[in-house]
Amino acid sequence: MIRVRNLVKKFGDLTAVSDVSFAVAAGEIFAFLGPNGAGKTTTIKMLTTLMRPSGGAIEIDGLDPEAKQHEVRKRFGIVFQDPSLDQDLTAMENMELHGVLYHVPRKVRRERTERLLKLFELWDRRDAFVKTFSGGMKRRLEIARGFLHTPKILFLDEPTLGLDPQSRNQLWTHVKNVNQTEGTTVFLTTHYMDEADRVAQRIAVIDHGKIVAIGTSAELKAQTQRETLEEAFLALTGTAIRDETAGSADQMRQVARAWGR
Amino acid sequence: MQAIYILWLRELKRYTRSRAQILASLGQPLLYLLVLGFGLGPVFQKAGNGSYLQFMAPGVIGMTVLFSSVFSGIALLWDRQFGFLKETLVAPVPRLQIMIGRTCGAATTAMIQGLLVTVVTLIAGFRPVNLAMVPLALLFLALVAVVFSGLGTAIGSSMKDMQAFPLVMNFLMLPIFFLSGALFPLTNLPKALSIVTSLDPLAYGVDGLRSALIAQSHFGAVLDLAVLGCVAVVLLGLGAWRFSKIEI
């Protein structure tokens, strides 16, 4: 379903993704694990037509995202790592807008919106503006919105960041459910090893833009001769803490916050 | 079509919900109208050009539409920074439709803003000479809104953050405004200035508004329409092209 060969992304001198190759089968749940700044989000951006690769080839359901952007966009859904809601609209309006953009028929849209907002406990606040929501609520709304349509491939970029254990549990149950009933291929990134261990059928560990290991959780543990996935992960990527440089977007957000936007 | 509509509706909702902003953006036109209108009025009258308020009201309306449509086009940057833009960019909708929806929304809100200022000018004492020409004035208003929303979208799509905004403001928008003849007649200008003003799209917008509202025209309404129509096509094309190239 997803096939990536020798993928490269450079930003000036910085190589964010360097010679990455992997394949994800249809109906598989595949996890990308890696420290901050390892190239996870950059890879997802290239897979989802938001960024053009500097080199290498990508196939999504047999299609090249660069040449067939529109066709590729019809095939996936995504929950972004950073916020992508319209803060000046209500929860309902955000769902509605997403449903229209993804061509979900009106009746199905209404029905699913209600079910998803109830599932993620936002139904009572459906007519409140998103800017009045707490961080966790915004996150839940992003996730609920991601499930509004049923794509062939679902990208989840650190979906559980800032979620409480209850919502996390709800999310993974739902992901597994969609994967089993609809056969949706799931590509996820996370920092939480236990989640990857529990949900993903195969895991790729990425560091400094390169894939350092790939296989099932058991295979990774065997390869590194460690008991848990977390230990295996640290053995593969080392214990040094990574810093991401703040991009212009982050700086801008700070300015915007200062201006009360 | 549905996608265009919902994105247009979004712009409108955001506009009507920011009441403080609507009110604030009436401040500048009001200042021009009252301070310049009444301050320079006597001089203008003495020079034998009639009422300055009558003369500058269409200019102030044009100015309002200029600023308001470029700003709503550039508001794309806020969506980029707050992340909503990528939600629309990965959607299975051609980017051209997304751009059209946004730009129509920007143009519509700019027009509403222009109409609000028109009401203000009427209260201040501005009187259109021929009510039958009001539809033509509305057409000019719409054209100006579309032209500059297209420009705003093109600029917004080409910038990564707001750092370049003062540049755009001081080297593009203010010259467009001051060279448009919104505040002074375009007749008998020095040669160089007259050439530059004839390159300013807003000059044709303001001139068109004047020909419809106070029956005075420098270029002639037909030329105004033709120029604005062409510039609208070019700038919308430019905006669409820049928008299709956005990477996050």
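Look up a bit, the structure's there.
Presented here is a report on the structure given in the accompanying data block. (Residues numbered from 1 in each chain as written. Chains lettered and ligands numbered in written order. Predicted model: local features only at pLDDT ≥ 70, side-chain atom pairs only at ≥ 80, totals over all residues.)

**A look at the overall build of chain B**
Across its full length, chain B holds 12 helices and 0 strands. Along chain B, from the amino end to the carboxyl end, the secondary structure elements read α-α-α-α-α-α-α-α-α-α-α-α. Here the C-alpha atoms of chain B give a radius of gyration of 18 Å, agreeing with the 18 Å that 2.2 N^0.38 yields for 248 residues. Expressed as lengths along the three principal axes of its C-alpha atoms, the size of chain B is roughly 60 × 40 × 35 Å. In chain B, which comprises 248 residues, the share counted as buried stands at 49%. Nonlocal contacts in chain B, meaning residues at least 24 apart in sequence, comprise 83% of its contacts between residues at least 6 apart. (Helix = DSSP H or I, 4+ residues; strand = E, 2+ residues; numbered from the N terminus. Rg over C-alpha atoms; globule rule 2.2 N^0.38 Å. Buried ≥ 20, exposed ≤ 12 C-beta atoms within 10 Å, placed from the backbone. Contact = placed C-beta atoms within 7 Å.)

**Side note on the interface of chain A and chain B**
Listed per partner, the contact involves 30 residues of chain A and 26 residues of chain B. Mapped onto the side of chain A that touches chain B, the elements with two or more residues apiece are helix H2 (69–73), helix H3 (91–101) and helix H10 (248–258) of chain A. Ranked by residue count, the leading element in the side of chain A that touches chain B is H10(A), at 5 residues. Of the residues belonging to the side of chain A that touches chain B, the class tally is 14 nonpolar, 7 polar and 9 charged. (Nonpolar A, V, L, I, M, F, W, Y, C, P; charged D, E, K, R; others polar.)

**Brief notes about the sheet that holds strand S8 (residues 202–207) of chain A**
Residues and elements named next belong to chain A. Read from one edge of the open sheet, 6 strands run S5-S6-S7-S3-S8-S9, paired in mixed fashion. Either end of the sheet is taken by a strand with one partner, and the two such strands are strand S5 (76–79) and strand S9 (210–215). This sheet shows a mean twist of 15° between the axes of neighbouring strands, independent of strand direction. Across 5 bridges, strand S3 (residues 29–33) lies against strand S7 (residues 185–190) in parallel orientation. What sits directly across from Leu33, in S7, is Thr190. In the packing of helix H1 (residues 40–47) onto the sheet, contacts are made with S3, strand S6 (153–157), S7 and S8, and the angle to S6 comes to roughly 150°. (Pairing = 2+ DSSP bridges. Axes fitted to C-alpha atoms, helices over the stretch in contact; angles between N-to-C directions.)

**What about the packing of helix H4 (residues 52–74) of chain B against helix H9 (residues 165–178) of chain B?**
Residue and element names in this part refer to chain B. Two numbers describe how H4 lies on H9: the axes approach to 10 Å, and their chain directions differ by 165°. Overall, the two elements H4 and H9 adopt an arrangement that is roughly antiparallel. Helix-helix and strand crossings are classified by hand; for H4 and H9 the assignment is right-handed. Mapping the contact onto sequence places Met63, Leu66, Phe67 and Val70 in H4 and Met173, Ile176 and Phe177 in H9. Looking at side-chain class alone, the contact of H4 with H9 contains 7 nonpolar, no polar and no charged residues. (Parallel < 35°, antiparallel > 145°, perpendicular 65-115°, else oblique. Left-handed = near helix turned anticlockwise from the far one by under 90°.)

**Thoughts on the sheet that holds strand S2 (residues 14–24) of chain A**
Residue and element names in this part refer to chain A. What the 3 strands build is an open sheet, ordered S2-S1-S4; its pairing is antiparallel. Each edge of the sheet is formed by a strand with only one pairing partner; in this case those strands are S2 and strand S4 (55–60). For this sheet, the mean inter-axis angle between neighbouring strands, taken without regard to orientation, is 20°. For strand S1 (residues 2–11) and S2, the ladder comprises 7 bridges, and the chain directions are antiparallel.

**Focus: H4(B)**
Compared with the 33 Å implied by 1.5 Å per residue over 23 residues, the 32 Å span of H4(B) between its first and last C-alpha is a close match. Among the 23 residues of H4(B), 23 are classified as buried, and the element is accordingly described as predominantly covered. (Expected span 1.5 Å × (residues − 1).)

**Some thoughts on unusual backbone geometry**
Residue and element names in this part refer to chain A. Unusually for a residue other than glycine, Asn6 sits at a positive phi of about 50°. Judged by C-beta crowding, with 12 C-beta atoms within 10 Å, Asn6 ranks as exposed. The phi dihedral of His103 is positive, around 55°, even though this residue is not glycine. Its place among the elements puts His103 in the loop between H3 and helix H4 (106–119).

**Digging into the packing of H3(A) against helix H1 (residues 2–17) of chain B**
In the contact formed by H3(A) and H1(B), the axes pass within 9 Å of each other and the chain directions differ by 155°. Classified by the angle between their axes, H3(A) and H1(B) sit roughly antiparallel to one another. Crossing angle aside, the handedness with which H3(A) passes H1(B) is left-handed. Facing Leu97(A), Val100(A) and Leu101(A) of H3(A), the residues of H1(B) in contact are Gln2(B), Ala3(B), Ile6(B) and Arg10(B).

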